[in-house]
Amino acid sequence: MAKPPLSGIKVADFTWVWAGPYCTLQLAHLGADVTRIETKTRPCVTRMLPPWPNGKFDGLNKSGYFNQYNQGKKSLSLNFKHPEAKDVAWRLIKEADVVVNNFASGVMEKMGFGYDAIREVKSDIIMISLSGYGDTGPYHEYVAYGPAQVPLSGLSSLTGYKGFPPMHAGFSYADPNAGIHGAFAVLAALFHRKKTGEGQYIDMAQWECAMDLLAEGILEYTMNGREPERNGNRDPFMAPHGIFKCRDLAEKVMDMTIDRWVSIVCADDAEWGRLASAMGEPELAADLRFKTLAARRANEDELEALITGWTLPQRFDEVARKLQAAGVAAAPCADNKYLCDEDRHVAQRNYWVELNHPEVGVQRHAGIPWRMSGTSTAVRMAAPCLGQHTDETLARLGYSKEEVESLRKIGALD
Amino acid sequence: MAGALSDLKIIEVGEMVSAPYCGKLLADLGADVIKVERPKVGDHARTRGPFPKDDPHPEKSGLFLYLNTNKRGITLDLAQAEGMELLERLAVDADVLIHNVMPSDMDRVGLTYDRMKRANPNLIMTSITPFGLSGPNRNWRAEDLTVWCAGGVCVLNGGGLEHADLPPLKTFGQQSGYQAGVHAAVPTLAAAFARLNGEAGQHIEVSGQEAIISQLEMTFEYWPYMKMIATRLGQKPIQPVETMQCKDGYIYLCCIEEHQWRGFVEIMGSPEWAGEEIFKDRLTRAQNWDVLKVFLEEWVSQQTVLDLYRKAQAKRVPFAPVSTMGDLLSNEHLKSRGFFVEITHPVAGTHKYPGAPLKYHRTPWQLRTPAPTLGQHNDEVFGAKLNLSQSRIDELKRRGVI
């Protein structure tokens, strides 16, 4: 097996919270040496967010949220109130190939680490900023939080039930979307630098990057001057196309009844025929109310009620398996418990990562969503504790033990 | 100026969104992408629209035209042995072959990495499928809705305590395709970078389901860490983070830090109720959300979206409008950044499309050509590139290979 593709690439990681860490996570997955610059005086927000193994906050190294998105990285703790700490960061930048941050536009400049300053000492550096609004434009100083970027992008006004207000996507989708596109951008810049020796600066607006995911909505407007109508889970070209309740096996979890659901789609009349047979009612295939796509679309409430009548008493994953065996697209509407404990497919593909972490022990985390035949695809280490690699990194940067001690004494490593 | 990837040669056998979006990301940075479509029918995205004047036409689908900018287009029937042979010949001098052919169809036509590697040992082959190439569900039929569900997102969205009977909700569009595509572009480029360092080509396999699971934010880890099911029906732990209706549209209230809440209270003119003990911090505001919501809805309903957005941002409170498509197209910030781009296509006409996801200072994202018409570059690619004679090309066309 060859070395991981980014072996030897060093990343100075000024990111925090969610979009930026998801970007540098990809680079770590690919073998880059990623060093997070953190501070004990203002820890990364996700270090203080749940979930925690004992159910409540008791220390900065136990968040499942942080530990998921920082696997394979190192942590260097620095307090920039001390100029000596900035010197350490500069040494790290000088040996780095890539600098990543996701602060609002202008914050890196205020800290003294703007692109122009960095380029002065390292002309071929690649730097990327994943801000909410980008570096230019009248709103470039606006503040962005991941959850708010979903409605801002337009996705919320397109998502929702017919006749109801806009809905959110359910998670801060614009964040990981920015992170993965950011990783792509870094790789393209590394490719260019390898051929030409030239570094560059990359400006990302999370808002813009999210709009690339809703071209159908934007083009409906620019082609036809119309706002697309929210229409739940339905689709103009396929029916049935929905998520159906499987209530009778609902589980009671923490005083709440959690229904389970299954998604079912028929792409054409033949698939509808197979679904009807699987439901034990093959005659429905020829029923004029449902025979064609147009008819099924016109009678979709009735169609969905019939299907629900069939799914309701069954286990959701059994419905999916049964329909797949019959040649119909279906999948469990998976929740985190199902994915973790019950989805045999994901488990058999060895997707999960279980590495020993000094403070949370062995916990299950999501792994790498690709396999490379020429390179081992494995997460190399658990997420770092805050400052875990401070001494190691300073030694690598040429600091003696005495120098490290004196930096520590003045608080530069807090 | 040349794009960052301007000497990368790519073959894309892509339908709908995942492989085409991967190909688009690379093509828009300068790569030479030859897109292979089925003869006569082409990429299924050509049937999906939206279409100008709602007139379905294979050359006018907005989804297809968006996803295939900067590519050359050829047709090839891979179900015929000669079609696969021509694909092999194209792969001889390509750097990358991206595809989203389903595993069962890969077996049927013989689209295997071993075969492609024999044609070109340096080739990078990227296989994007809904569930990956191994495991019990590898051959599961899939549409965007079912993959988005299998990845664990739908269960987080929709309903709410008042509407628990409404089903979990899909996010608009073809999101599992986009995420599989961009998650495939990352290892593909990494492998191309490794080749510049002297490494060989390799086979990359991407699972759409796994790409989605890896984005679930904190919700996945609630089970391994705390044995809690993350659901759309739970009460939020902190508030306000909600969509609310103004006089002229919707706004997303997001003020989860204490200083942000104080800023919002000032904007509201510091009403007396805001000083109540039950709203003293973000946790109590969430516990008493049913009461707080009534106060906020009443006040917000008297405001206009832009005015409230600007006032909030002036106090560094990250509110955002719930943008409509019209809002986006007329937005002054997006205009000044030149986000939307105008593309003229010979059949579909001139329309505005979403533009660059990122701005590269040295190697700009560029639109060189609109999406190809079906088989537009057949003669150029089979003739000039593969040296087939015109009579041979005509014969292949007659037999439906091309």
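Coordinates for the structure precede this section.
Residue numbers run consecutively from 1 along every chain, following the written order of its sequence. Here chains are named by letter from A upward and ligands by number from 1 upward, in the order in which they appear as written. Selection of residues for local features in this predicted model requires a pLDDT of at least 70, selection of side-chain atom pairs for listing and counting requires 80 or more, and totals for whole chains, interfaces and linings are taken over all residues. Each side-chain value is worked out from all heavy atoms of the structure, with water and hydrogens disregarded.

Novice: Mind showing me how you'd approach the overall build of chain A here?
Specialist: Secondary structure elements follow DSSP: runs of H or I no shorter than four residues count as helices, runs of E no shorter than two count as strands, and numbering proceeds from the N terminus. Helix and strand content of chain A: 18 helices and 12 strands. Counting the 414 residues in chain A, one finds 62% classified as buried. We call two residues contacting when some pair of their heavy atoms lies within 4.5 Å. Taking the intrachain contacts of chain A between residues at least 6 apart in sequence as the baseline, contacts between residues at least 24 apart amount to 68%. With residues, only the protein chains shown are counted as cover, and all accessible areas are computed by Shrake-Rupley using a 1.4 Å probe. Of the accessible surface of chain A, which amounts to about 14,500 Å², a share of 51% is contributed by carbon and sulfur atoms. A positive count includes Lys and Arg, and a negative count includes Asp and Glu. His and the chain ends are not counted in either. A single reference atom marks each charge: NZ on Lys, CZ on Arg, CG on Asp, CD on Glu. Distance between charge centroids for chain A: 4 Å, based on 46 positive and 52 negative side chains. Categorising residues by exposure relies on relative accessible area from a 1.4 Å probe, with only protein chains included: less than 20% of the type maximum marks a residue as buried, more than 50% marks it as exposed, and the intermediate range marks it as partly exposed.

Novice: What should I look at first to understand the sheet that holds strand β3 (residues 71–75) of chain B in this one?
Specialist: Two pairing modes exist for strands in a sheet, parallel and antiparallel, and in both the strands are linked by backbone hydrogen bonds. What makes two strands pair is DSSP finding at least two bridges between them. Strand order in the open sheet made by the seven strands is β12(A)-β6(B)-β5(B)-β4(B)-β1(B)-β2(B)-β3(B), with mixed pairing throughout. Lying at the two open borders of the sheet, with one neighbouring strand each, are β12 (370–372) of chain A together with β3 of chain B. Going across the sheet, the axis of each strand differs from the next one's by a mean of 20°, ignoring polarity. For helices, the fitted line uses only the C-alpha atoms of the stretch in contact; every axis is such a line through C-alpha atoms, and the angle between N-to-C directions lies from 0 to 180 degrees.

Novice: What is the right way to read the pattern of salt bridges from this model?
Specialist: When a carboxyl oxygen of Asp or Glu is within 4 Å of a side-chain nitrogen of Lys or Arg, the pair counts as a salt bridge. The final tally for this structure, using the stated rule, is 69 salt bridges over all chains. The closest approach of N and O atoms between Arg-72 of chain B and Asp-32 of chain B, which form a salt bridge, is 3.0 Å. In this pair, Arg-72 of chain B sits in strand β3 while Asp-32 of chain B sits in strand β2 (residues 32–37), placing the two residues 40 residues apart along the sequence. The class of Asp-32 of chain B is partly exposed, set by a relative accessible area of 25%. One connected set of salt bridges, linked through shared partners, spans Arg-260, Arg-315, Asp-317, Arg-321, Asp-335, Lys-337 and Glu-342 of chain A.

Novice: Honestly, the interface of chain A and chain B in this entry has me stumped. Any pointers?
Specialist: Size of an interface: often given as the accessible area lost when the parts come together. Residue-level contacts link 162 residues of chain A with 150 residues of chain B. A quick way to say it: buried area is the sum, across both parts, of accessible area lost when two parts are put together, with a 1.4 Å probe. Of the roughly 13,700 Å² buried at the junction of chain A and chain B (both faces included), carbon and sulfur atoms supply 64%. The largest contributions to the chain A side of the interface with chain B come from Phe-184, Phe-191 and Glu-216 of chain A, which together make up 6% of the buried area. Between chain A and chain B we count 11 salt bridges in total.

Novice: Help me understand the environment of Ser-373 of chain A in this model?
Specialist: Note on placement: Ser-373 of chain A falls in the loop between β12 and α17 (390–396). Each C-alpha atom of the pair Ser-373 of chain A and Ala-2 of chain A lies 9.6 Å from the other, and the pair is 371 residues apart in sequence. Pairs of N or O atoms are called polar contacts if they sit within 3.5 Å, as long as, within protein, a hydrogen donor faces a hydrogen acceptor (for residues adjacent in sequence, only side-chain-to-side-chain pairs). Within the local environment of Ser-373 of chain A, its side chain forms a polar contact with the backbone nitrogen of His-203 of chain B, the two atoms lying 2.8 Å apart.

Novice: How should the packing of aromatic side chains be read in this particular structure?
Specialist: For any two aromatic rings, the description comes down to two numbers: the centre-to-centre distance and the angle of the planes. The pairing test for Phe, Tyr and Trp rings, Trp by its six-membered ring, is centres within 6.5 Å, and the orientation test on the planes gives stacked under 30 degrees, edge-to-face over 60, and tilted for anything in between. Under the criterion given, the structure shown has 33 aromatic pairs over all chains. When the centroid spacing of 5.1 Å and the interplanar angle of 65° are considered together, the rings of Phe-316 of chain A and Tyr-338 of chain A count as edge-to-face. Here Phe-316 of chain A, found in helix α14 (residues 316–325), pairs with Tyr-338 of chain A, found in helix α15 (residues 336–342); they are 22 residues apart in sequence, far enough to count as distant. An aromatic cluster of three or more residues is present, and its members are Tyr-133, Tyr-139, Tyr-142 and Trp-207 of chain A together with Tyr-309 of chain B.

Novice: Help me understand unusual backbone geometry in this model?
Specialist: Outside of glycine, negative phi angles account for most residues, and trans bonds account for most peptide bonds. In the segment running from Ala-239 of chain A into Pro-240 of chain A, the intervening peptide bond is cis, with an omega of -5°. Among the secondary structure elements, Pro-240 of chain A is positioned in the loop between α10 (215–224) and β7 (241–253). In this chain, Gln-239 of chain B is followed by Pro-240 of chain B through a cis amide linkage whose omega measures 0°. You can see Pro-240 of chain B is positioned in the loop between α9 (222–226) and β7 (241–246).

The quantities given are spatial measurements derived from coordinates; they are silent on function.
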